[in-house]
Amino acid sequence: MSLTPEQIDAVLEAEAGHECPGVGEGRVCVKIVSIAELPSRFGRFQVAAFWNNRDGKEHVAILHGNPMGRENVPVRVHSECLTGDALGSLRCDCRDQLEAALRTIASHEHGLVLYLRQEGRGIGLLNKLRAYHLQDRGLDTVEANLALGFRDDEREYSIAAHMLHSLKVKSIRLLTNNPRKVDELARLGVKIVAREPHILPPNEFNRFYLETKRDKSGHFLDALGKAHLPEQGEPVQVEGGAA
Amino acid sequence: MTPDLVVVGAGISGLALAREFRAGGGRVLVLERARGVGGRCATRRVDGQPVDHGTAFLHGRDPAFLAELGAAAGPAASPDWPHVLAGPGTPCRPAAFEAGSVRLAPAAGVSAFPKHLARGLDVRLGANVESLRVSRAGGGAAGNWELALSTGETLRSPAVALTLPAPSAAAMLEHVPGRPAGLAALLPLCRLVRTLPCLTVIARYPEATPPPGWDVVLPGSGILHTLVHDSAKRRPGAQLVLVLQANPRYSREHLDSPKDSWSRALLEEAAAGSGAWIALPEDTQAHTWEQARVSEGSELARPVVAELEGGARLGLCGDGFHPAGGVEGAWHSGRALAARFLDRMRRAG
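Here, residues in each chain are numbered from 1, in the same order as that chain's written sequence. A letter from A marks each chain and a number from 1 marks each ligand, given out in the order of writing. Predicted model: local features are reported for residues with pLDDT of at least 70 only, side-chain atom pairs are reported and counted for 80 or more only, and whole-chain, interface and lining totals are derived from all residues. Hydrogen atoms and water are omitted, and side-chain values are computed over all heavy atoms in the structure.

Draft legend 1. Molecular detail of the overall build of chain B. Runs of E in the DSSP output that reach at least two residues are strands. Runs of H or I that reach at least four are helices, and both are numbered from the N terminus. Broken down by element type, chain B carries 9 helices and 20 strands. Using C-alpha atoms as the atom set, the radius of gyration is obtained and then compared with a globule rule of 2.2 Å times the number of residues to the power 0.38. A compact globule built from 349 residues would reach a C-alpha radius of gyration of about 20 Å, and chain B, at 21 Å, matches this within 12%. In terms of its C-alpha atoms, chain B occupies a principal-axis envelope of roughly 70 × 40 × 35 Å. Within the span of chain B, comprising 349 residues, buried residues form 53% of the whole. For chain B, the exposed surface amounts to about 14600 Å²; the carbon and sulfur share of it is 51%. Three exposure classes are used, based on accessible area relative to the maximum for each residue type with a 1.4 Å probe and protein chains only: buried under 20%, partly exposed in between, and exposed over 50%. Throughout, the Shrake-Rupley method with a 1.4 Å probe supplies accessible areas, and for residues the shown protein chains are the sole cover considered.

Shown next as structure tokens:
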């Protein structure tokens, strides 16, 4: 059962009066300002829109069932990727990850996808495309990525932690292949009862891409040990392949 | 004494870098090609009166930056200048007029700020760096930069910072003999930073000319980008001086045209829009800024450091290496580069 209109009204009224000292070093505070039905090709969801005190970025949570006040809620934290999510780019696997996450939460009674409007890990679409441009010219270095503004994910985790708090989620099962995400969210007070591998179903077009990505040694290192652009995607686990 | 760092360029970012580096315990030498410090934060004297022919006024929002500005400008500065803005055009940096931004115009000219930053620093004026190369003198010793000056002198340092506009820095790096791999990778990065030229006219008017009712006009169309009532920033009794700055496109197309022709065109357009008297100055001076400013949005997020084989370090900073851009961005990027150099120096022992 999703949230009833009465539950939605109660949440919005409580959220309107929400004030807090903020989460993390950046003192991030968010508030739910609207909740609406979102029937989708992946299932019947509701979507909650968040205001935040740091910038004009409008983050959303996609809800399946009613995760409010519940334990062990499956949660996926996804960062916006226009080229992947909307345009189907094969430079990353963001869309595959998002679709898999939406299918997963739809298959559970309750679940959440936090969709953070932080294109390119906070560097913005313009700089992400400038990084792609440099990659096209064969330049892909840590220094270049730093100069373009790739930065630590601290704020991303603070926002996610606060969104979970606003949604009154008591504990989560985090869908991720990235242990650091677990550590960071736990550090910010999120109770994580399990980390569940986020497994993507390969298809004929992306199997090679996914398997190549999986087989590369480290998170931001390519096969030659050269640091590469930290895409939004994570280490990949592919159905039927050795992890 | 061999400096720990040689800074090429005594603009805002170079001076901020040197100041912060020295405050952190490093030995630093600044080389400046021109006869004065400040780069595009420039003031010249016309008949003894200061005229800002580059940056027209200073602005910022960061408290540390504003404190430094305040210390430099002294009491004789016009706060919130320009007061009267006319015309529908967009300023070079619209952020200067947004809430939370503080603007300041020192009576002594905007160069009061770089002069303040340069105080106590080892700055060599008129020092033109002709070439840059990496040497490994002493066989196996740490790599050092060799800077050949146009005077024939050669300076050595383990670290060099190029604080020139990004395209000029790239041009210099392109000519480093042997094209070290660590440098080649910086070239396409530097080319992401796009600079815009600006043709500038300084026009001085007869004593009897009544002052105009505006501080800055932004026509928004035509060839004139900004018309500044420069003498409004000076003490009472100053002679009426206007500074006219052409838009980037016109400037680019006329970089090689005779100064007289574009000076006349700019004065006539200003006269048509803002008062016929503008076409009749007592005298004029023209200045060509080939790289006046960074195209908004093309700035990088932070300064860049390359460590070459052998340990020689190269840094790049400037208004193209901080998202705020402009004078404030330049200042921040210089300080950020100093922090990175100091950090590496400490780690290297």
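Draft legend 2. Inspection of the confidence of the model for chain B at higher detail. For every residue, the predictor states its confidence as a pLDDT score lying anywhere from 0 to 100. Per-residue pLDDT for chain B averages 93, and the proportion of residues at 70 or more is 97%. As scored by the predictor, the complex reaches a pTM of 0.84 and an ipTM of 0.75.

Draft legend 3. Expanded view of the interface of chain B and chain A. Contact criterion: two residues are considered in contact whenever any of their non-hydrogen atoms come within 4.5 Å of each other. Taken together, the 14 residues of chain B in the interface contact 13 residues of chain A. For any pair of parts, buried area is found by adding up, for both, the accessible area (1.4 Å probe) each one loses once the two are put together. Here chain B and chain A share an interface that buries about 1100 Å² over both sides, 62% of which is from carbon and sulfur atoms. A per-residue breakdown of the area chain B buries against chain A is headed by Leu189(B), Leu192(B) and Arg302(B), which together make up 45% of the total. The term salt bridge refers to a pairing of a side-chain nitrogen on Lys or Arg with a carboxyl oxygen on Asp or Glu at a separation within 4 Å. Run the count over chain B and chain A and you get 0 salt bridges. Here a polar contact means two N or O atoms within 3.5 Å. Within protein one must be a hydrogen donor candidate and the other an acceptor candidate, and residues neighboring in sequence count only if both atoms are side-chain atoms. The interface formed by chain B and chain A includes 5 residue pairs in polar contact (both at pLDDT 80 or more). Those elements that place two or more of their residues in the side of chain B that touches chain A are helix H6 (186-191) and strand S19 (304-307) of chain B. Taken together, the residues that form the side of chain B that touches chain A break down as 9 nonpolar, 2 polar and 3 charged. The classification used treats Ala, Val, Leu, Ile, Met, Phe, Trp, Tyr, Cys and Pro as nonpolar, Asp, Glu, Lys and Arg as charged, and all other residues, Gly among them, as polar.

Draft legend 4. Expanded view of the sheet that holds strand S8 (residues 102-106) of chain B. All names here are of chain B. What the 3 strands build is an open sheet, ordered S5-S8-S6; its pairing is antiparallel. Two strands lie at the open edges of the sheet, namely strand S5 (58-60) and strand S6 (77-79), each paired on one side alone. Averaged over all neighbouring strand pairs, the angle between strand axes comes to 20 degrees, with direction disregarded. As paired strands, S6 and S8 are joined by 3 bridges and run antiparallel to one another. Bridging across to S8, Ser78 finds its partner in Ala105. By the convention used here, strands pair only if DSSP detects at least 2 bridges between them. Lines are fitted to the C-alpha atoms to define the axes, a helix being fitted only along its stretch in contact, and any angle between axes, read from their N-to-C directions, falls within 0 to 180 degrees.

Draft legend 5. Structural context of the nonpolar core. Residue and element names in this part refer to chain B. In this structure, Trp145, Leu147, Leu162, Leu189, Leu314 and Leu316 are the most contacted members of the largest nonpolar core, which totals 41 residues. For this core, the element with the most residues is helix H4 (residues 166-174), which contributes 5 residues. Leaving out residues up to four positions away in the same chain, Leu314 has contacts with Leu132, Trp145, Val160, Leu162, Leu173, Leu183, Leu186, Val304, Val305, Ala306 and Phe341. We define a nonpolar core as any set of buried Ala, Val, Leu, Ile, Met, Phe, Trp, Tyr and Cys residues linked to one another through side-chain atoms lying within 4.5 Å.

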